[in-house]
Amino acid sequence: MFAVRNEESALDIVQDAMMKLAEKYGDRPPTELPMLFQRILQNTIRDYYRRSKVRSLWTTLLSALSPNDDEEHDPLETINSESGPNGPKTPHGQFEQAQVLGMIEKEIESLPGRQREAFLLRYWEDMDVAETASIMGCSEGSVKTHCSRANHALAAALKAKGITL
């Protein structure tokens, strides 16, 4: 969802990646499948962008700029608020938390693609540096650099908006 900024396209990409995994790597041991799937998914996302660019530059630009707020599952909801692990108890607190989470999500969406990819794989998919490097097709040092830059960019952007976590 964060990579393509369009829920329908994201679902199609995941479905295509799952089909490719099942067709080409069904005989592999189950322990290899998550890494293979992540790599296939990243390649499918790149293919999506290539096809979109060829089909219509304007459609790609407009879809990248349009916000998409109807996401079913929001991983940012797992962040503990200041009022405790169960979240805010009052409607006002819930509203404030929703606003903060929305701002965080927008800042993540505004990160450069490689930084966003590294950040999401490392911290939301809970992958180690080696796995992330393998999926992204780069060195472990590059993953660390992308994650560090993403963390600093997010911290600075959120601090500028008065948000401290």
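Residues numbered from 1 in each chain as written. Predicted model: local features only at pLDDT ≥ 70, side-chain atom pairs only at ≥ 80, totals over all residues. Heavy atoms only, no water.

Student: Give a description of the overall build of the protein that names residues and reports values.
Tutor: Helices and strands together make up the secondary structure of the protein, namely 7 helices and 0 strands. Ordered by position from N to C terminus, the α and β elements of the protein give α-α-α-α-α-α-α. In the protein, the share of contacts with a sequence separation of at least 24, taken over all contacts with a separation of at least 6, comes to 63%. As displayed, the protein has an accessible area near 10,800 Å², and 55% of this comes from carbon and sulfur atoms. (Helix = DSSP H or I, 4+ residues; strand = E, 2+ residues; numbered from the N terminus. Contact = heavy atoms within 4.5 Å. Areas by Shrake-Rupley, 256 points an atom, 1.4 Å probe, with all protein chains shown as cover.)

Student: Requested: an account of the environment of Ser 9, with residues and values cited.
Tutor: Tracing the backbone through its elements, the reader meets Ser 9 in helix 1 (residues 7–25). Residues in contact with Ser 9, not counting those within four places in the same chain, are Val 4 and Tyr 48. Reaching out from Ser 9, the side chain makes a polar contact with the side chain of Tyr 48 at a distance of 3.4 Å. (Polar contact = N/O pair within 3.5 Å; in protein donor to acceptor, adjacent residues only side chain to side chain.)

Student: Now, about the packing of helix 6 (residues 129–136) against helix 7 (residues 140–160): what can you tell me, with residues and values included?
Tutor: Contact geometry for helix 6 and helix 7: axes closest at 8 Å, N-to-C directions at 100 degrees. Relative to helix 7, the element helix 6 lies roughly perpendicular. The residues of helix 7 that touch helix 6, namely those facing Val 129, Ala 130, Thr 132, Ala 133 and Met 136, are Glu 140, Val 143, Lys 144 and His 146. Taken together, the residues of the contact of helix 6 with helix 7 sort by class into 5 nonpolar, 2 polar and 2 charged. (Axes fitted to C-alpha atoms, helices over the stretch in contact; angles between N-to-C directions. Parallel < 35°, antiparallel > 145°, perpendicular 65-115°, else oblique. Nonpolar A, V, L, I, M, F, W, Y, C, P; charged D, E, K, R; others polar.)

Student: How would you explain the side chain of Arg 116 if you had to name every residue and give the values?
Tutor: Assignment of secondary structure puts Arg 116 in helix 5 (residues 113–124). Buried Arg 116, no salt bridge; nearest opposite-charge side chain is Glu 109, N-O distance 7.8 Å. With residues near it in sequence (within four places) discarded, Arg 116 still touches Phe 2, Ala 3, Arg 5, Ile 108, Glu 109 and Leu 111. (Buried < 20%, exposed > 50% of the residue type's maximum accessible area, 1.4 Å probe, protein only. Lys, Arg positive; Asp, Glu negative; His and termini not counted. Salt bridge = Lys/Arg side-chain N within 4 Å of Asp/Glu carboxyl O.)

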